Amino acid sequence: MNRFRFLFLPTLAVAAFLLAALGQFVHVYRQADQTAFAFFAAALLLWAFVLLTDSSAIATHLNALVPAPVPVRAGSRGLVFGALLLAFLTFFFSSGNEFTSDNVLAWGLSIAVFLYAFWQPEKNWNEWRAWLHARVDGRLTRLGRAPGSRA
């Protein structure tokens, strides 16, 4: 039984979740509010028991050496403003709770522009190009062709 002791608290946590789900089901579909309250209370007590009895140690790295910060690309104010403008257009086009090509396009573009405004690339274009050429040359070498003869 000691072998499976580590499963005890996670099993109780899942049981608390299931009790809460059962309480929600009873409340919504059976309209039995007192029974649902009892399920919710049991789930809450079980969850509190799990949280209070868990003695898991969480490793911290307070004394670890931190590498120097890498310079980051600053976000473009124009792109952020453009993303906010597209988000406003999405809100404007979304009247009537309908999906149209206008509001979906504005929504998609606002997300794309916002992500691009704050994107931190791992490599610049020259590094990506060198990586791609190395991959292509490796494949050409395996196929028996001379690297550099891309045709």
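In what follows, the accompanying structure is described. What you see is a predicted model, and the numbers here were worked out from it, not measured in a lab. (Residues numbered from 1 in each chain as written. Predicted model: local features only at pLDDT ≥ 70, side-chain atom pairs only at ≥ 80, totals over all residues. Heavy atoms only, no water.)

1. Concerning the overall build of the protein
Threshold: Going along the chain from the N terminus, every DSSP run of H or I of four or more residues is numbered as a helix, and every run of E of two or more is numbered as a strand. Throughout, exposure labels follow a simple rule: accessible area from a 1.4 Å probe, protein chains only, divided by the maximum for the residue type, with under 20% read as buried, over 50% as exposed, and the rest as partly exposed. Whether two residues touch is decided by their heavy atoms; if any such pair falls within 4.5 Å, the residues are in contact. Computed with a 1.4 Å probe, the accessible areas rest on the Shrake-Rupley method; for each residue, only the protein chains presented here act as cover.
The helix and strand inventory of the protein stands at five helices and zero strands. Secondary structure elements in the protein, listed N-terminal to C-terminal, are α-α-α-α-α. Out of the 151 residues in the protein, the part that is buried amounts to 12%. Across the protein, the fraction of contacts at a sequence separation of at least 24, relative to all contacts at a separation of at least 6, is 49%. Split by element, the accessible area of the protein, about 13,200 Å² in all, is 69% carbon and sulfur.

2. What to know about the packing of aromatic side chains
For the record, the criterion: Stacked, tilted and edge-to-face are the three classes assigned to paired rings of Phe, Tyr and Trp, where Trp is represented by its six-membered ring and a pair needs centres within 6.5 Å; plane angles under 30 degrees give stacked, over 60 edge-to-face, the rest tilted.
Following the criterion strictly, the structure yields two aromatic pairs and no others. Relative to Y29, the ring of F25 lies with its centre 5.3 Å away and its plane at 40°, an arrangement referred to as tilted. Placement of the pair is F25 and Y29 together in helix α1 (residues 8-30), with a separation of four residues, close to one helical turn. On the basis of relative accessibility, which here comes to 36%, the residue F25 falls in the partly exposed class. Ring centres of F92 and F93 lie 5.8 Å apart, and the angle between their planes is 55°; this geometry places the pair in the tilted category. Residue class for F92 comes out exposed when judged on its relative accessible area of 55%. For F93, a relative accessible area of 32% gives the class partly exposed.

3. Description of a nonpolar patch on the surface
Selection criterion: Only residues above 30% relative accessible area that lack a salt bridge enter a patch, with like-charged residues linked at up to 9 Å and the nonpolar side chains Val, Leu, Ile, Met, Phe, Trp and Tyr linked at up to 5 Å. Every case where a carboxyl oxygen of Asp or Glu lies within 4 Å of a side-chain nitrogen of Lys or Arg is listed as a salt bridge.
Residues F81, L85, F88, L89, F91, F92 and F93 make up a contiguous nonpolar surface patch of about 780 Å² in total accessible area. Checked against the element boundaries, L89 lands in helix α3 (residues 77-93).

4. Re the side chain of S110
Selection criterion: Polar contact is the term for a pair of N or O atoms within 3.5 Å; when the atoms are in protein, one must be able to donate a hydrogen and the other to accept it, and sequence-neighboring residues count only if both atoms are side-chain atoms.
Within the secondary structure layout, S110 lies in helix α4 (residues 101-118). Look at S110 and you get buried, because its relative accessible area is 8%. Polar side-chain contacts of S110 include one of 2.7 Å to the backbone oxygen of W107. Those residues within four positions of S110 in sequence are excluded, and the remaining contacts are A83, L86, A87 and T90.

5. Observations regarding the nonpolar core
Across soluble globular proteins, nonpolar side chains show a tendency to be buried alongside one another. Under the convention used in this document: For this analysis, a nonpolar core means a set of buried residues of the types Ala, Val, Leu, Ile, Met, Phe, Trp, Tyr and Cys, connected via side-chain atoms within 4.5 Å.
Of all hydrophobic cores here, the largest spans six residues; its members are L9, L12, A13, A16, L46 and V50. Among the elements that line this core, the one with the most residues is α1, at four residues. The residues contacting A13, other than those within four sequence positions of it, are W47 and V50.

6. What about the packing of α3 against α4?
The axes of two packed helices give the description: the angle between them and the distance between them. Here is the rule we go by: The convention used is that axes are lines fitted to C-alpha atoms, helices contributing only their stretch in contact, and that angles between N-to-C directions extend from 0 to 180 degrees. An angle below 35 degrees is treated as roughly parallel, one above 145 as roughly antiparallel, one from 65 to 115 as roughly perpendicular, and anything else as oblique. Less than a right angle of anticlockwise turn of the near helix away from the far helix marks a crossing as left-handed, whereas a clockwise turn marks it as right-handed. Gly is placed with the polar residues, together with every amino acid not listed as nonpolar (Ala, Val, Leu, Ile, Met, Phe, Trp, Tyr, Cys and Pro) or charged (Asp, Glu, Lys and Arg).
At a minimum axis separation of 8 Å, α3 and α4 run at an interaxial angle of 160°. Relative to α4, the element α3 lies roughly antiparallel. The element α3 and its partner α4 pack so that their crossing is left-handed. Taken together, the residues of α4 that come into contact with α3 (itself represented by L79, V80, G82, A83, L86, A87, L89, T90 and F93) are D102, N103, A106, W107, L109, S110, V113, F114, Y116, A117 and F118. Looking at the contact of α3 with α4, its residues break down into 15 nonpolar, four polar and one charged.

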